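Read off the chains here:
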Amino acid sequence: MAVDYKTDSNPTKFDVEADQNRALHYEEKFLWDHQQTDHSGVDLPAVDGSINKTGITARAATGLPNLSEPQILRHFVRLSTLNYSIDHGFFPLGSCTMKHNPRLNEKMARLPGFAHIHPLQPEQTVQGALGVMYELQDWLAQLTGLPGVALSPAAGAHGEYAGIMVIRAKLRDAGMHHKDTLLIPDSAHGTNPATAAMCGFKVKTISTKETGRLTLEAFKDALGDGENIAGMMVTNPNTCGLFERDIVEISKLLHAAGGYFYCDGANFNALVGRIKPADFGVDVMHINLHKTFSTPHGGGGPGSGPICCTEELAPYLPIPLVGKSDDGFYKLLRKDDCPKTLGRLRGFNGQFGMHVRALSYMLSHGNDGLRQVSGDAVLAANYILSQLKDDYHVPFEGRCMHEALFSEKWLKDHGVTTLDVAKALIEFGMHPMTVYFPLVVSGAMLVEPTETETKESIDRFIAVMKHIAELAKNGEGDIFHSYPISAPRKRLDEVLAARNPILNG
Ligand SMILES: *Cc1c(COP(=O)(O)O)cnc(C)c1O
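Rules and cut-offs
Residues numbered from 1 in each chain as written. Predicted model: local features only at pLDDT ≥ 70, side-chain atom pairs only at ≥ 80, totals over all residues. Heavy atoms only, no water. Axes fitted to C-alpha atoms, helices over the stretch in contact; angles between N-to-C directions. Helix = DSSP H or I, 4+ residues; strand = E, 2+ residues; numbered from the N terminus. Parallel < 35°, antiparallel > 145°, perpendicular 65-115°, else oblique. Left-handed = near helix turned anticlockwise from the far one by under 90°. Contact = heavy atoms within 4.5 Å. Nonpolar A, V, L, I, M, F, W, Y, C, P; charged D, E, K, R; others polar. Near = heavy atom within 4 Å. Polar contact = N/O pair within 3.5 Å; in protein donor to acceptor, adjacent residues only side chain to side chain. Areas by Shrake-Rupley, 256 points an atom, 1.4 Å probe, with all protein chains shown as cover. Pairing = 2+ DSSP bridges. Buried < 20%, exposed > 50% of the residue type's maximum accessible area, 1.4 Å probe, protein only. Right-handed = clockwise from strand over helix to strand, strands pointing away.

**Q** What exactly am I supposed to notice about the packing of helix H12 (residues 418–427) against helix H13 (residues 455–473) here?
**A** Helix packing geometry: the angle between the two helix axes and the distance between the axes. Between H12 and H13, the least distance of the axes is 10 Å, while the angle of their chain directions is 125 degrees. Taken together, the axis directions place H12 and H13 in an arrangement best described as oblique. Note on packing geometry: the crossing formed by H12 with H13 is right-handed. In contact with Val421, Ala424 and Leu425 of H12, H13 contributes Phe461, Val464, Met465 and Ile468. Considered class by class, the residues forming the contact of H12 with H13 number seven nonpolar, no polar and no charged.

Here it is in structure tokens:
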């Protein structure tokens, strides 16, 4: 029962109108609204009020609410029930943010032999763990066709940084200091230009607005004589969910001009087991283990962004790497073993728990299973595209890869925007898709079902999306501006909330 401690003079009186905890759904107050500062959840000895060395009375009143253990527990559990999660239902944000992670991998990561070791243990006592890392390096090398692998980067963006630093180290080693510019398409993830800038490169943008893809013409224009071009950063498939068809030709031109091809490999679940990025000219790429190869993330969980590169670039990889001697002993390779390394990018050896999860994912799928992962990811997205293409505007023609892209173009005629669709999805029990990204499409709606969703949940999503389109076309546009109406928090004024956050009332 919600009791208003501020005003209720009779706390045992039940106010039917004011009470919001219907059907065992609790409306939780802020901790600050529990006006209980006079009692405590713990028994501490009374203080004598003496002044301590800081000049403050020992244990002075803070004004913070004092609650008992069950009150605190219930507060956070009630708040947690307001969360929507991948374990509740469909999450069309895709592997980039949320996809189902097989529980087997969690079980493996929790095995005491993996979970209870320490990175400072002598190498001969952690041979199994180093073996996991060595084997993971090998799987990544096989899947990408790129033999140099460093597991230590802590996330995708960190992997990008490592990869571009590798290219920079190579160029400096070769005396190519004048190569100071990276080519990046305008559909790139924001981390790409940020990485380029952090590594001291200039960014030259290639427009993809017309077709959603890199065209040979636009690339040649941007490349010019290639004199100052250090390389390019390209995501393939790109953030419009499209495969870059001219990529082989483009990478040949880039290489001929002495540039390196950095591939943002975050979308590897669309390719894995089918094509090795080395075969379309990639020199170095990062892999988001937490996206393609499982591990819960998106809620602040750990990331892991190993990088893979060609033999030419491998000497510059960040340490430590895991090597294996002829007698089968695994060993961490450090500065002495890798004289040209760009150095360390973080403490210890990387997110080891994620190395275990990723290898567990790979071994449980096998080569054929990983091939099916990409097949299912692409099939599911194309199923959605084909079912919704008459209800929503599709900005780029043809089949997609792992993501289906729509725009608000037709809906806008009925006064309905992408934001309205996202809010209506919440009303009808669906988490929204990625909205307003990629930036090259106005009012973008990017749907990634991933390989793990069942046909039933995808069908329900399609049915809800069709229903929303129909409501809009039937002139019910007005109601859209108040969606969601059944959620615990209704339509928020997001601008006001961002500019003037009220965090304690
Ligand atoms: C997620 C993502 C990144 C960044 O990865 P983080 O692990 O979030 O740092 C980079 N590029 C693309 C295309 C991504 O989807």
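**Q** Honestly, the site of the ligand in this entry has me stumped. Any pointers?
**A** Taken together, Cys96, Ala155, Gly156, Ala157, Glu160, His189, Thr191, Asp264, Ala266, Asn288, His290 and Lys291 make up the full set of residues adjacent to the ligand. Ala157 places a main-chain nitrogen or oxygen 2.8 Å from an oxygen atom of the ligand. One of the side-chain N or O atoms of His290 is found 2.7 Å from an oxygen atom in the ligand. For the ligand, whose accessible area on its own is 380 Å², the fraction buried by protein is 85%. Ranked by residue count, the leading element in the shell around the ligand is helix H5 (residues 156–173), at three residues.

**Q** Would you mind going over the sheet that holds strand S6 (residues 284–286) with me for this structure?
**A** Sheets are built from strands paired through backbone hydrogen bonds, the pairs being either parallel or antiparallel. A sheet is described by the order of its strands in space; here seven strands give the open sequence S1-S7-S6-S5-S4-S2-S3, paired in mixed fashion. Two strands in the sheet have a free side with no partner beyond their single neighbour: strand S1 (148–150) and strand S3 (202–206). Along the sheet, successive strands turn relative to each other by an average axial angle of 20 degrees, direction set aside. The pairing of strand S4 (residues 229–235) with strand S5 (residues 260–264) spans five bridges and is parallel. Looking at the pairing, Val234 lines up with Cys263 of S5. Across the face of the sheet, H5 comes into contact with strand S2 (181–185), S4, S5, S6 and strand S7 (307–309) while running at roughly 175 degrees to S5. In the packing of helix H7 (residues 216–223) onto the sheet, contacts are made with S2, S3 and S4, and the angle to S3 comes to roughly 155 degrees.

**Q** What is the right way to read the side chain of Gln137 from this model?
**A** On the secondary structure map, Gln137 appears in helix H4 (residues 127–144). Given a relative accessible area of 9%, Gln137 falls into the buried group. At a separation of 2.9 Å, a polar atom in the side chain of Gln137 contacts the main-chain carbonyl oxygen of Val322. In this structure Gln137 touches Val149, Leu151, Leu321 and Val322, once residues within four positions along its chain are discounted.

**Q** Would you explain the pairing of S3 in this entry?
**A** A regular strand carries its side chains on alternate faces of the sheet. Of the pairings in the sheet, the one linking S2 to S3 comprises five bridges and is parallel in character. Pairing of Pro185 across the sheet is with Ile206, part of S3. A crossover links S2 with its parallel partner S3, the connecting element being helix H6 (residues 191–198), and its sense is right-handed.

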